[in-house]
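A look at the structure
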Amino acid sequence: MPLDVLRLARTTKQFRQLLMHRSSASIWIAARTNVPDLPDCPPYLSEPQFANLVFDTHCHECLSPNIRSIDWRIGRRICSKCAKECMVEDYSLFVGEPVYKAVPSKYGKRGRPSYYSKDLHEFQTKKASFTDPEERSKFVKERQELVFQMEKHGALLEAWASNQAKDRSEQLDDLRRERKEAIIEKLTELGWGPEIEQIPDRDDLTHHRLVKQPTRLTHRIWANIQDEMVGYMEQMKTQRIERERKALVISRKRIAISILRTYKIAHLPLTDVMPEPMDFCAISQVFEILELPTETQVTEDTFAPIVEKMDELIGEWRTRILGSVIQKVKDSLYSHKPRVKSEPADSTLMDNAGSSSSADPMDKGKAKAVEPSIPDNSRIIQDLSLATTVFNCKCCNPRFGIFHGLYNADSSSDTDSTSSEDDFFDPWGFGLGPRRSRPRSNPLFFPKALGHHCLTKQHGFNWDNPSGDPTKQYDYPMGNRTRWAGHLLQVDDKAGKMAASVISTYGMDPETTTAVEMDQMDHQLACLECLEWSDDEWDQADAPVFGWRAAVAHNCRSHPGKTNIEWKLIDDELEEDVVDVDEENRADQAIISTLLLHGLVPDEIYAGPPEEVVWLCVHCLDLPNEVECMELSKMKDHLNLTHSISEPQENQDYYKDYEAPQGRKARIPHLKITLTMDRPDDVPAPGERHIHDPWCFGFSEDEFEDDYYGDYGDDFFFY
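Residues numbered from 1 in each chain as written. Predicted model: local features only at pLDDT ≥ 70, side-chain atom pairs only at ≥ 80, totals over all residues. Heavy atoms only, no water.

On to the sheet that holds strand β6 (residues 390-393), then. Across a sheet, paired strands are connected by hydrogen bonds in the backbone, their directions being either parallel or antiparallel. If you walk across this open sheet you meet the three strands as β7-β6-β11, and the pairing is antiparallel. The open sheet has two edge strands, β7 (444-445) and β11 (489-491), and neither has a second partner. (Pairing = 2+ DSSP bridges. Helix = DSSP H or I, 4+ residues; strand = E, 2+ residues; numbered from the N terminus.)

What follows is the structure, encoded as structure tokens:
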């Protein structure tokens, strides 16, 4: 081989003198012919130079060993460290005349030609030595011809080197394959054959560090690696058993989910909160069946005792989640009630106090903190149903944004500070932007708050369910199911005060009125804080109109710092004056219908009357492909397209979400009423232009809120 001759020539001076002589060229040629497909020696290199370039792995500059990269077009083997110093790109040359095609080059950064500095210096020096222009031009042409030959032979050598690398890679792959087959044969002899066939691709033996080595397996090597390979197979067996166990439990969970679905469908329409698949499978009696030994066959008949006690089991589950809500209310009451300091003790008070734990045992007359009294569970359960008990969801709360501030930023009468959750609203902690109140989530009322969708479903990429667990899988939209998470609910005391103001406007007692009773009220409210005074009439102003739930939501959004804003009850006499703004702006329905019929306008130009987004599909209930709440028209389209049901029936094919009418986004009519009332002195007279909110640069407060917080506006709430 050429490398052997090259090394022999470097052993002694005598060998060097012999092998480097021109008469020994036949030796080099004979050695070169032993290399398959190697191109002939280029005319610009001698045989020893060619052998040194192709086979010796030392850097031609610093003699560093094991340099595999060869620049065939410039005839150099240069390490990366030396390349930074001895390679020059064309944009850094200051030679006066171009050296294009006269100096061998390779492609450098950004496709620019890169030159070997010694070749470049030699060319420039020799070129400058010619005084005769013809001789200089002849020299340049000769060098260009040389560069052409170098590029031509360099391309041949590049192709040969690429084929050699490919052949070498295939040889190594063959060695690895043979080693793997030999190891599998050895393991099969030890009884691991069936286990090897069940190894998943991600754990295939090909990836094992002892298998992928390109070395043939010998008896000595096998003796050294046998224990580790057997240990690896034992690990694979353990993982296979775990996979099979998980798959078995998942198949049992599907049976449990079908039982839960049957129970829910039989109880439509829903009148109480129901457990999701994760909560149902976590019930101890159900969990025991799911975790029965692997050899025990589980069918629907196995769940027969569960079916008989479904009412009892689900009732116990409801009791548990109610207990967590009660504890949440207790924690809220305790955190908001101030500690009371006792007065200095005197004989009369001590006689009446008896042996109270708050008394001064040393009789020194020092004040001592008294723990606030917390009502018992029965009283809390009664208070939960009140319309003044308002919850909000931490998941629904917007937590990021540049327009952040304190919840009671513009409140002059309330002194409640923000909760710890509000501090997280400033992700940078820089206090950027104006101090404005952030909008709250939809006001949630008991008992519908227990069925809030965020408590059991989370949206986002699902990284925690690679095994396809049907109790966790939630494909539309991307997300996953969770167990009922009561910690996401928090008591909103300020919204409760706002609700009390609304209830008082109806003439009801906030201390005793429940949310169910408020839902039975037919009258609506006009917000007198949002008056838009007429530019034509002195004593007329437009006011937005809301139902009681939407009124609380509007208060939380547009007036978050005020708990006692002024409302006006729309009685029977004023009911006729309420106007649907959307209906006013909508084109004539008959004309639109005619245009739609003849295909002259697209279907989406007319959205139709507003619909409640409260309908769910019975056939998708508790399945991974369960869809979110829809309008009735969209739900019927879903049933027709997905389930081929052209005439769906309520509570048979679709049903109303238990959480409705709260917590879901809805398209509702925007109502207003024109009131006749005295014009305040600070309101400009009709015809005068004015700006309601100077810092918003001409936008009113509601316009600003709608612009930045539109997704949390009144459109989220029902009447």
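There's more to say after this.
Attention now goes to the packing of aromatic side chains. For the structure shown, the criterion picks out five aromatic pairs. Between Phe123 and Phe139, the aromatic rings sit 5.7 Å apart at their centres with planes inclined by 20°, giving stacked as the arrangement. Here Phe123, found in helix α6 (residues 117-129), pairs with Phe139, found in helix α7 (residues 133-189); they are 16 residues apart in sequence, far enough to count as distant. An identical accessibility class is assigned to Phe123 and Phe139; each is buried. When the ring of Phe546 is compared with that of Trp567, the centres are 6.4 Å apart and the planes differ by 90°; the resulting orientation is edge-to-face. Linking Phe546 in strand β14 (residues 540-546) with Trp567 in strand β15 (residues 567-570), this pair joins segments that are 21 residues apart in sequence. Look at Phe546 and you get buried, because its relative accessible area is 6%. (Phe/Tyr/Trp six-rings, centres within 6.5 Å; stacked < 30°, edge-to-face > 60°. Buried < 20%, exposed > 50% of the residue type's maximum accessible area, 1.4 Å probe, protein only.)

Okay, the environment of Leu53 next. In this fold, Leu53 is placed in helix α4 (residues 47-55). Sequence-wise, Leu53 and Trp72 are 19 residues apart; in three dimensions their C-alpha atoms are separated by 8.7 Å. Setting aside residues up to four positions removed in sequence, Leu53 forms contacts with Leu45, His60, Ile70, Trp72, Gly75, Arg76 and Arg77. (Contact = heavy atoms within 4.5 Å.)

A few words on helix α9 (residues 219-266). In an α-helix, one turn spans 3.6 residues; hence positions three or four apart end up facing the same way. Helix length check: α9, at 48 residues, gives a terminal C-alpha distance of 69 Å against a target of 70 Å (1.5 Å per residue), a fit within 8%. Ile225 marks the point of greatest bend in α9, at about 50°. (Expected span 1.5 Å × (residues − 1). Bend = angle between axes of the 7 residues up to and from the residue.)

Along strand β19 (residues 671-676), the buried face is formed by Leu671, Ile673 and Leu675; none of Lys672, Thr674 and Thr676, which line the opposite face, is buried. Across six bridges, the pairing between β14 and β19 is antiparallel. Considered in β19, the bridge of Ala543 is made with Ile673. Alignment of strand β16 (residues 579-580) against β19, held across two bridges, turns out to be antiparallel. Bridge assignment links Val579 to a residue of β19, and that residue is Lys672.

Attention now goes to a nonpolar patch on the surface. On the surface, Leu8, Phe15 and Leu18 cluster together to form a nonpolar patch covering roughly 250 Å² of accessible area. Residue classification places Leu18 among the partly exposed positions, given a relative accessible area of 49%. (Patch = residues over 30% accessible without salt bridge, like charges linked within 9 Å, V, L, I, M, F, W, Y side chains within 5 Å. Areas by Shrake-Rupley, 256 points an atom, 1.4 Å probe, with all protein chains shown as cover. Salt bridge = Lys/Arg side-chain N within 4 Å of Asp/Glu carboxyl O.)

To continue, consider the environment of Ser114. Summarising the element assignment, Ser114 is placed in strand β3 (residues 113-116). With relative accessibility at 4%, the residue Ser114 sits in the buried group. It is 6.2 Å that separates the C-alpha atoms of Ser114 and Met87, two residues lying 27 residues apart in sequence. If we skip the residues at most four places from it in the chain, Ser114 touches Met87, Val88, Glu89, Pro104, Ser105, Lys106 and Gly108.

With that settled, consider the pattern of salt bridges. Per the stated rule, a full pass over the model turns up 28 salt bridges. Put simply, Glu631 and Lys634 hold a salt bridge, and the shortest N to O gap is 3.8 Å. Ionic contacts of the salt-bridge type, sharing partners, join the residues Glu276, Lys457, Arg481 and Glu626 into one network.

With that out of the way, let us pick up the packing of helix α1 (residues 2-9) against helix α3 (residues 25-32). For any two helices packed against each other, one specifies the crossing angle of their axes together with the interaxial distance. With their axes 8 Å apart at the nearest point, α1 and α3 run at an angle of 145° to one another. Contacts between α1 and α3 involve Pro2, Val5 and Leu6 from the former and Ile27, Trp28, Ala31 and Arg32 from the latter. (Axes fitted to C-alpha atoms, helices over the stretch in contact; angles between N-to-C directions.)

Within the largest apolar cluster, 48 residues are counted, with the highest numbers of intra-cluster contacts made by Phe280, Val286, Phe303, Ile306, Met310, Leu384 and Phe391. Contributing elements (two or more residues each) for this core: α9, α10 (277-282), α11 (284-290), α13 (310-336), α15 (377-384) and β6. Looking at which element gives the most residues to this core, the answer is α13, with eight residues. In contact with Met310, other than residues within four places in its own chain, are Ile259, Leu260, Tyr263 and Phe280. Among the nonpolar cores identified, the runner-up in size contains 22 residues, and Ala499, Tyr506, Phe546 and Val552 belong to it. (Core = buried A, V, L, I, M, F, W, Y, C linked by side-chain atoms within 4.5 Å.)

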